Structures are given as C-alpha cells and as structure tokens.
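Here is what each chain is made of, one letter per residue.
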Amino acid sequence: MVYYCVECNQLICKHCNLTAHKNHASKHASEVASKLRNKLKRKSEHGEHKNYLVWLAERREMFNNEIEKNRKCEKRTVKKVTEMADQVIAIVEEIKNILLKRTRDITKKQIQPLKQKMEVFEKYILSFAELLLHSRNLYEKADDIEIVNTCDLLTRSLESLKHQKDDAQFKLSHIYEYPVFKPGKATADQLLPFFGDVHVGDGLDDETNLTIYDFYTEKSTTILSMIPLEDERLWVIDGEGDMKLYDSSGRVHKQVSVGIQADDIISTEQHIIISGNASKMVKVFDRDIKEVASINTELCCRGVAIDQNDDSIYVCLTEKNAFFDHDSTHSNKIVRIMPTGARYEIPDIQIYAGNPTVEYPARVVIKNDGLVAVSDWKRNCLTILNKVGYVEKQYFFAGIDNKKDKICPRGICTDQNGSLYLADYMNSRILKIRDNDSELHEVLTTNDGIYKPWSIAISRDGLLWIGSKDGKISVHYFKQPDHAFYE
C-alpha cells in the first residue's frame, strides 16, 4: 500500500506512514491520484488550452507564410532589378549611338574643307603635269624652229603656275581638331542612386491601408478597453467588465476575474493597471495578472493613464458610472495619484470660454510632453490640459474643409511621436491630431470598415487596434508615407 503525505507533499510507504510521518495527515495514493487525474482531465480538455495550441499552430503558419512572402518579394525584386538593368543596357546602347553619331558629325565637319582643298590641288596637279609633259615631248621631238618659237612661252607658263598660286590654299592647319572620346569616371556607388537601390520595405505596391485581420469577441459586447501584447494577442475589457486574453482569430486564451467591474486598462513594463468604474477602485497587477496593489477612490473610476516621466497615475472620477446619468450638479474630476500616495486634483470647476474644464471625463492619456488629453463624453469634446488643470486646447469638430461634424469621442491613445488618436463613435471614424495642430484629421472612416468605434490602442510595432460597440476588433497597418496616418 502506498500513501501520500499531505504535509510533506510526497509519496510514502506503509512503514514510513507509521513511523516518520505518523503525525502527518496522509491519504491513500489511489485517492490522491483519482483527484489529480480529474484535474488533469479538466485542464487538458479546457477550451483555453486548446485555443492556445491552435494559436501556436497558426503563429507557426504565419511565420512560414512570412518566409514565403520574403521569397516572393525576393523573386519580384530580382525581376525588377533585371528589368532595370535591361533598361540601363538599352540606355547605354542609345548613348553609344549618340556618341558614334557625334563622332561621325565631327569628322565630317573637319574633313569637308580638306576635301575642297584637295580638289584645288587636283586642278593644279593636272595643269602643271600637262605643261611638264608637253615640255618633255617638245624637247625630245620638236625641231629647232618649234623649240625656238615655244620654249620661252612654256618656261614662262611653268614659272607662272608656280608663283600664281594662293598660299592660303596650300597651308595646312595644325590645330589638331579630331574627334576624341573622353570617358566618364563613375563608380558603382555613384551610379546606384540613378539605377535604384534594394532596401528593406513593406513589400506592398498599391495598398496604403491594410486591415491585417479582424474578429468578433466571444460575446460581441462593447470593447471598453484593450492593450495589445508583442505577440499580437491582446487583453480586452468587454462590456460585462470581464478581462480576457484574445488571439488574432478571436479565441480566448485566458479569462481573469479581477474582482472589480473593469472599465479601462493600461500597461507599463512591469504592471497592468485596471480601473473599476462602479467598484470605485483601481487595481495594479503584475504581468502574470497577480494583484500587487489597489487604490480606493471616493467616486466611480473610468479612464486611467500613467505618466511615464514620474510614474504618477491619472484617474477619471465621476459621480455616476454612466455618462448619460450625469447632470450639472455633479462634481466629476481627474485625480493625479503620485507614487507616494499624494493626490492632486485637476479641477473641474475652472472656467474656460464659459465651460467647465471637464464635465464627464471618461478616458485620459498623457502625452510625451506631459499634457493631459481628456475624452469628455458629456461635452463631446477632446480637451488638452496642462498639469495644473488649465485648458491648452479644445476640439469639438473634425472633417475636411467646410464639411466638419461634431465629434463624439470615446477611446483615446497616443503614439511614441506624441500624436493623439481618437475613436469618434457616432461618426464611425478614427481621428488624429499631431503636436501643435489646430485640427483633427480623419485617418479611418466607414470606407475602411470602421463602425461605431469605442476603444483604440497602438502597439509598439505601430499597428492600430480598434474595438467597436458590437464587439468587433480590427487591426490596421498603414504604408508610409502615403496615408494620413503618417502625416
């Protein structure tokens, strides 16, 4: 008989159970094995584990597809380089023909006057040779009387031909103007910019906005908030306040009960921070989703953000957990909680252009420069505050030229460059604002498949994640620099 010592957590024999472990609680090994067998059965048949295994297989296939894409792009690039080389060869042939024609034209221009002079020489040669021949025949064959009558005349004619010539006709220029090829001097590096270059790129031709993938979450409820992970999975807070880890196909890998009505979620290098809305609490977890701290608040906790410069946490506090229950008597606010525990309220009563600074702050992010961006769901406004609570800018409208619509802000996020991205719920579009810009610009619209966006996030690799009212999550990639996303 084999026993299991509960206190020592090990198997023991019957003798040890009666001696060394006699004061310890123990069970029959078969009883413990039966419970563990059932535990293993539940674990092995649990849907989350199957989902994880399928996801791993899909990820492997994605990497294989990426290898194939690289090979495909390699072939396409080799083809384009070869085509460019053929074009260059054709251009070189054209240049050769141009230079050969230029050589022939220069030669023709230089030879023409020389030929004309040669014709003059021909005339002189024929005339002088004819006189010389006549003189020779005369002195060889003529009689004395004919010699006496013609000798002086022939002599004068010979001398005359020698001296009546134009000296310029017989002068040869020594300028030496001949066609000469002067080869250019260029290295491959110097010619490369004209030829083209091969570099690492996205491999896309015409597409500027690609929806990498989209999926619906388990219950198709509102995606309140989300944080993408580096492996392209993401933690999602849904409309029921549940926290689930999804893969890119919509499968759940993990579901965690955080003990509060979760509303917003953010992450740092070490921690995940969740606001509790009506639970009136902010909880801090490590990356393994183990709770390490909690902060109680006097009001409902909506949006939450962290200032990476000093690790302070900003929390949107509202008297009601739903913005449509808000009225003008409520005192909603944004509270900054320092690592020491000290709290500094960003006031909601300060007047700016006849309006309170914030009326129903539901989402908040901190920009690189320390400015606080607030998505105000009651005023339908994007408000930029400084750290002491004064308004720097306010945005109520967005659109092109005179076609501007009043915004209906929901989720908000910021990228590494300090640009802000806003989910415009009623207008089904994503808006962007750059530093020091006076207008919101449309990045994605219904033409890109956007419908009732509620939450938004940007992963470290630049992918834009959008969660909608109906539980759909889409992931977008933009080709630089042909899209407003990069402006």
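Parameters at a glance
Residues numbered from 1 in each chain as written. Predicted model: local features only at pLDDT ≥ 70, side-chain atom pairs only at ≥ 80, totals over all residues. Heavy atoms only, no water. Core = buried A, V, L, I, M, F, W, Y, C linked by side-chain atoms within 4.5 Å. Buried < 20%, exposed > 50% of the residue type's maximum accessible area, 1.4 Å probe, protein only. Helix = DSSP H or I, 4+ residues; strand = E, 2+ residues; numbered from the N terminus. Contact = heavy atoms within 4.5 Å. Salt bridge = Lys/Arg side-chain N within 4 Å of Asp/Glu carboxyl O. pLDDT = per-residue confidence, 0-100. Pairing = 2+ DSSP bridges. Axes fitted to C-alpha atoms, helices over the stretch in contact; angles between N-to-C directions. Disulfide = S-S within 2.5 Å. Polar contact = N/O pair within 3.5 Å; in protein donor to acceptor, adjacent residues only side chain to side chain. Phe/Tyr/Trp six-rings, centres within 6.5 Å; stacked < 30°, edge-to-face > 60°. Lys NZ or Arg CZ within 6 Å of the ring centre and 35° of its normal.

In the annotation of an unreviewed UniProt entry, the protein chain is listed under the name TRIM56 and assigned to Mytilus edulis.

Engineer: For the nonpolar core, give the residues involved together with the corresponding values.
Structural biologist: Counting 24 residues, the largest nonpolar core has Trp235, Met243, Val258, Ile265, Ile272, Ile274 and Ile289 as its most contacted members. Elements represented by at least two residues in this core include exactly strand 5 (223-228), strand 6 (234-238), strand 7 (243-246), strand 10 (271-275) and strand 11 (281-286). Look past the residues within four positions of isoleucine 272 in its chain and what remains in contact with it is Ile227, Trp235, Met243, Ile265, Ile266, Ser267, Lys283, Val284, Phe285, Arg287 and Ile289.

Engineer: Which residues make up the pattern of salt bridges, and what values do they have?
Structural biologist: Throughout the structure, instances matching the rule amount to 23 salt bridges. The partner of arginine 251 in a salt bridge is aspartate 247, and the shortest N-O contact between them spans 3.0 Å. By relative accessible area, arginine 251 is classed as buried at 17%. Taking relative accessible area as the criterion, aspartate 247 reaches 0% and is therefore assigned buried. Linked by salt bridges that have partners in common, Asp263, Asp264, Arg302 and Arg363 make up one network.

Engineer: Lay out the confidence of the model for the protein chain with the relevant residues and their values.
Structural biologist: Of all residues in the protein chain, 90% attain a pLDDT of 70 or more, and the chain-wide mean is 85. Here residues 348-355 is a poorly scored stretch, pLDDT under 50, and it has 16 contacts once near neighbours within four places are set aside; other chains count. With pLDDT under 50 throughout, residues 480-487 is counted as low confidence; its partners more than four residues away or in other chains account for 19 contacts.

Engineer: I'd like a description of the side chain of threonine 383, backed by residues and values.
Structural biologist: Structurally, threonine 383 is set in strand 21 (residues 381-385). Overall, the relative accessible area of 0% leaves threonine 383 in the buried class. Dropping the residues within four chain positions of it, threonine 383 is found in contact with Thr357, Val372, Ala373, Val374, Val391, Lys393 and Gln394.

Engineer: Could you give me a rundown of the sheet that holds strand 21, with the residues and numbers involved?
Structural biologist: Spatially, the four strands line up as an open sheet ordered 19-20-21-22, and their pairing is antiparallel. Every other strand in the sheet has two partners, leaving strand 19 (361-366) and strand 22 (391-395) as the edge strands with one partner each. Sheet twist, expressed as the mean angle between neighbouring strand axes with direction ignored, is 20 degrees. One ladder, built from four bridges, connects strand 21 with strand 22; its direction is antiparallel. If you follow threonine 383 over to strand 22, its bridge partner there is glutamine 394.

Engineer: Requested: an account of the state of the cysteines, with residues and values cited.
Structural biologist: Per the counting criterion, the structure on display carries zero disulfides. Cysteine cysteine 316 remains unbridged, with the sulfur of cysteine 301 as its closest cysteine sulfur at 9.6 Å.

Engineer: Give a detailed account of the sheet that holds strand 10, specifying residues and quantitative values.
Structural biologist: Pairing within the open sheet is antiparallel, and its four strands lie in the order 9-10-11-12. The open sheet has two edge strands, strand 9 (265-267) and strand 12 (291-296), and neither has a second partner. Taking the axes of each pair of neighbouring strands and ignoring which way they run, one obtains an average angle of 15 degrees across the sheet. Here strand 9 runs beside strand 10; their pairing, made up of three bridges, is antiparallel. Counterpart to isoleucine 266 in the pairing with strand 10 is isoleucine 273.

Engineer: Run through the environment of glutamate 269, naming residues and quoting values.
Structural biologist: With respect to the helices and strands, glutamate 269 occurs in the loop between strand 9 and strand 10. Distance from glutamate 269 to arginine 287, taken between C-alpha atoms, is 8.3 Å for residues 18 residues apart in sequence. Residues in contact with glutamate 269, not counting those within four places in the same chain, are Arg287 and Arg460.

Engineer: Outline the side chain of serine 474, supporting the account with residue identities and numerical values.
Structural biologist: Here serine 474 lies in strand 31 (residues 472-478). Separated by 3.1 Å, the side chains of serine 474 and histidine 476 make a polar contact. Setting aside its immediate chain neighbours within four residues, serine 474 contacts Thr211, Tyr213, Asp214, Leu464, Trp465 and Ile466.

Engineer: Would you mind going over the packing of aromatic side chains in detail, with residue names and values included?
Structural biologist: For the coordinates displayed, the defined rule picks out eight aromatic pairs. Aromatic side chains tyrosine 425 and tryptophan 454 sit 5.2 Å apart centroid to centroid with 80 degrees between the ring planes, which places their arrangement in the edge-to-face category. Of the two residues, tyrosine 425 is situated in the loop between strand 26 (420-424) and strand 27 (429-433) and tryptophan 454 in strand 29 (residues 453-458); the sequence distance between them amounts to 29 residues. Classification of tyrosine 425 by relative accessible area gives buried; the value is 13%. Across from the ring centre of phenylalanine 323, 4.9 Å away, lies the NZ or CZ of arginine 410, which sits over that ring. Taking the ring centre of tryptophan 454 as reference, the NZ or CZ of arginine 410 above it sits at 4.8 Å.

Engineer: So what's going on with the pairing of strand 27? Which residues, and what values?
Structural biologist: Across the five residues of strand 27, five count as buried, placing the element largely inside the fold. Taking every second residue as pointing to the same face, both faces of strand 27 are buried, with Arg429, Leu431 and Ile433 on one and Ile430 and Lys432 on the other. Of the pairings in the sheet, the one linking strand 26 to strand 27 comprises five bridges and is antiparallel in character. When the bridges of strand 27 are listed, aspartate 424 appears paired with arginine 429. Counting the residues in the hairpin turn of strand 26 and strand 27 gives four residues, including serine 428, whose phi is positive at 50 degrees. Examined bridge by bridge, strand 27 and strand 28 (residues 441-444) share three bridges and lie antiparallel to one another. When the sheet's bridge partners are listed, leucine 431 is paired in strand 28 with glutamate 442.

Engineer: An account of helix 5 (residues 188-195) is requested, with residue identities and associated values reported.
Structural biologist: The element helix 5 is largely exposed, with a buried count of zero among its eight residues. Residue glycine 196 follows helix 5 closely and has a positive phi angle near 125 degrees.

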